[in-house]
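Structural overview
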Amino acid sequence: METAPKPSKDVPPKKNRLKAKRKKPRRYWDEETLTAAGASPGLPRNKKRNRELRPQRPKNTNIAKKSRVSRKPQLPKKPREGRNLEPQRSVSGAQDPFPGPAPVPVEAARKFRRIDKSKKLPHSKSKTRSRLEVAEAEEEEISIKAARSELLLAEEPGFLEGEDGEDTAKICQADIVEAVDIASAAKHFDLNLRQFGPYRLNYSPTGRHLAFGGHRGHVAALDWVTKRLMCEINVMEAVRDIRFLHSEALLAVAQNRWLHIYDNQGIELHCIRRCDRVTRLEFLPFHFLLATASETGFLTYLDVSVGKIVAALNARAGRLDVMTKNPYNAVIHLGHSNGTVSLWSPAMKEPLAKILCHRGGVRAVAVDSTGTYMATSGLDHQLKIFDLRGMFQPLSARTLPQGAGHLAFSQRGLLAAGMGAAEPNFDGLESNPYRSQKQRQEWEVKALLEKVPAELICLDPRALAEVDVISLEQEKKERIERLGYDPEAKAPFQPKPKQKGRSSTASLVKRKRKVMDKEHRDKVRQSLEQQPQKQEKAKLPRARPSALDRFVR
């Protein structure tokens, strides 16, 4: 039998010969990596090909790795304060003579500040105190930015000022139109409404739309900027007063018998028969309350967001013809025929205060935007200014030849019986006369979400941020009597058990004693801090000494 020849060592097997014959196909990127030595390295597309080109490292060779920790001693960096910083230079290379942000005067920043920094922060937890400090810092930064950007307000306020000995009441509207610039003169318009008068006027919250109602039933609304008429109807009965609600889309009209609500197309939406014989209307925008004064002497608050009457208060002073609101605290001021002015809130059935203003009946009442001053005019031809911050004392009084039937404070704080001075640089975020329909809808939703409850109307709105300590202590005392123990009392300190023999009786007693000493030191520190305040109070000038002072402890 013939046997197959054994393959020699030099001749490879058949399979190996096939593998050796097959050559790896060359690609153009392989040629570039092999031939181009100075070319910029790129990202490899195949890891296996890159491994073949790299030299293989033997497996059993131990190569010492480089330590990541540097052996050089690290020297402390030099502080930046010691370096001499060069002054900033502009693109042209000129040196800025006034580097850094522009300084802001203290008085200018104080005008935009809302937090009183004279009051110290209350003693509270560290977390709460840090939040208050952050809020104060943000408010300070915002006030500085607002004061710095005040230079961008190009409009300047103006008002009517006569020469020496000149009576401003004799100046006509035509004289004012000739004296002002073209842009201001273009805003002047004249309406000849002689048939259905007298009229009651009201501007929308944005100041762009005007509504007026005549005593003989004429009701109309228009955009006074573009002179576009929104609606015009005749209700066929006397109109006592008219008011825009939270937007120019709704109108409240006090007709001879009942209160009616119309839209901006003149379509009647509601007839509120519980508000009958209404004489005056006032709308509180932040509370969505419509206040009505009637011939029967009732003051009614209507929540227009839900259509519910919040309160109906009897003033017990006869017919109510004079009414205005305080923009600062939303308190309603009513003028009566006996010469008094009463202040009302829907949360109280009795007036918050009563002020004797005139010897005759009150004809008109006006309150400025800050809620500080109140102006009244009466049948005695007296015009008086009252301070609403203290004891409601009159600051000044002036006799007018024929009296004043209508009073109004302008946005610049001027009191007018026929004219005023408006704010030229209005806040577009508060009331934007150029807003679109979508912006009005978004503002309406936001205002409804931020509606203030009617129970929070009071004389001093700052009292809402304070804690009623008396009622709080009374509720706490009643709760302790009901439960038999104080649930808010601090539990005595109980040390937690520790392991490895550290919970012995001596160590527990030592830890309790340490906590007790710390609490005692805190009480002593608080008493020492309160001593200077007591000494300052004792040093205050006392009244005339009396023989009974020796019995005072």
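Residues numbered from 1 in each chain as written. Predicted model: local features only at pLDDT ≥ 70, side-chain atom pairs only at ≥ 80, totals over all residues. Heavy atoms only, no water.

As recorded in an unreviewed UniProt entry, the protein chain goes by WD repeat-containing protein 46 and comes from Mustela putorius furo. You can read under Subcellular location (unreviewed entry) in the UniProt record for the protein chain the words "Nucleus, Nucleolus". (UniProt positions renumbered as here; feature names shortened; annotations may be inferred.)

A few points about a nonpolar patch on the surface
Nonpolar side chains collect at one region of the surface, where Val467, Val469 and Leu472 lie side by side and expose about 280 Å² of accessible area between them. Looking at the secondary structure, you find valine 469 in helix α9 (residues 469–483). Note on valine 469: relative accessible area 46%, which makes it partly exposed. (Patch = residues over 30% accessible without salt bridge, like charges linked within 9 Å, V, L, I, M, F, W, Y side chains within 5 Å. Areas by Shrake-Rupley, 256 points an atom, 1.4 Å probe, with all protein chains shown as cover. Salt bridge = Lys/Arg side-chain N within 4 Å of Asp/Glu carboxyl O. Helix = DSSP H or I, 4+ residues; strand = E, 2+ residues; numbered from the N terminus. Buried < 20%, exposed > 50% of the residue type's maximum accessible area, 1.4 Å probe, protein only.)

Quick notes on the environment of threonine 296
By the element assignment, threonine 296 lies in the loop between β10 (289–294) and β11 (298–303). A relative accessible area of 45% means that threonine 296 is categorised as partly exposed. With 23 residues separating them along the chain, threonine 296 and arginine 319 place their C-alpha atoms 5.8 Å apart. Engagement of the side chain of threonine 296 in a polar contact is seen with the side chain of serine 294, the distance being 2.9 Å. (Polar contact = N/O pair within 3.5 Å; in protein donor to acceptor, adjacent residues only side chain to side chain.)

Remarks on the sheet that holds strand β4 (residues 228–234)
Taking strand neighbours across the sheet as the criterion, the four strands line up as β1-β2-β3-β4 in an open arrangement whose pairing is antiparallel. Each having just a single partner strand, β1 (199–203) and β4 make up the two edges of the open sheet. With strand direction ignored, the average angle separating the axes of adjacent strands in the sheet is 10°. Both strand β2 (residues 209–214) and strand β3 (residues 218–223) contribute to a ladder of five bridges, which runs antiparallel. Residue pairing across strands places histidine 209 opposite aspartate 223, the latter belonging to β3. (Pairing = 2+ DSSP bridges. Axes fitted to C-alpha atoms, helices over the stretch in contact; angles between N-to-C directions.)

Comments concerning the nonpolar core
Among the nonpolar cores identified, the biggest contains 31 residues, and Leu299, Tyr301, Ile332, Leu334 and Met374 are the most heavily contacted of them. Broken down by secondary-structure element, the contributors of at least two residues to this core are β10, β11, β12 (308–314), β13 (322–325), β14 (332–335), β15 (340–344), β16 (353–356) and β17 (362–367). The residues touching isoleucine 332, leaving out its near neighbours within four places in the chain, are Glu282, Leu284, Ala291, Leu299, Tyr301, Met323, Thr324, Lys325, Ser342, Leu343 and Trp344. Counting 13 residues, the second-largest nonpolar core is a separate cluster that includes Leu245, Ala254, Ile261 and Ile272. (Core = buried A, V, L, I, M, F, W, Y, C linked by side-chain atoms within 4.5 Å. Contact = heavy atoms within 4.5 Å.)

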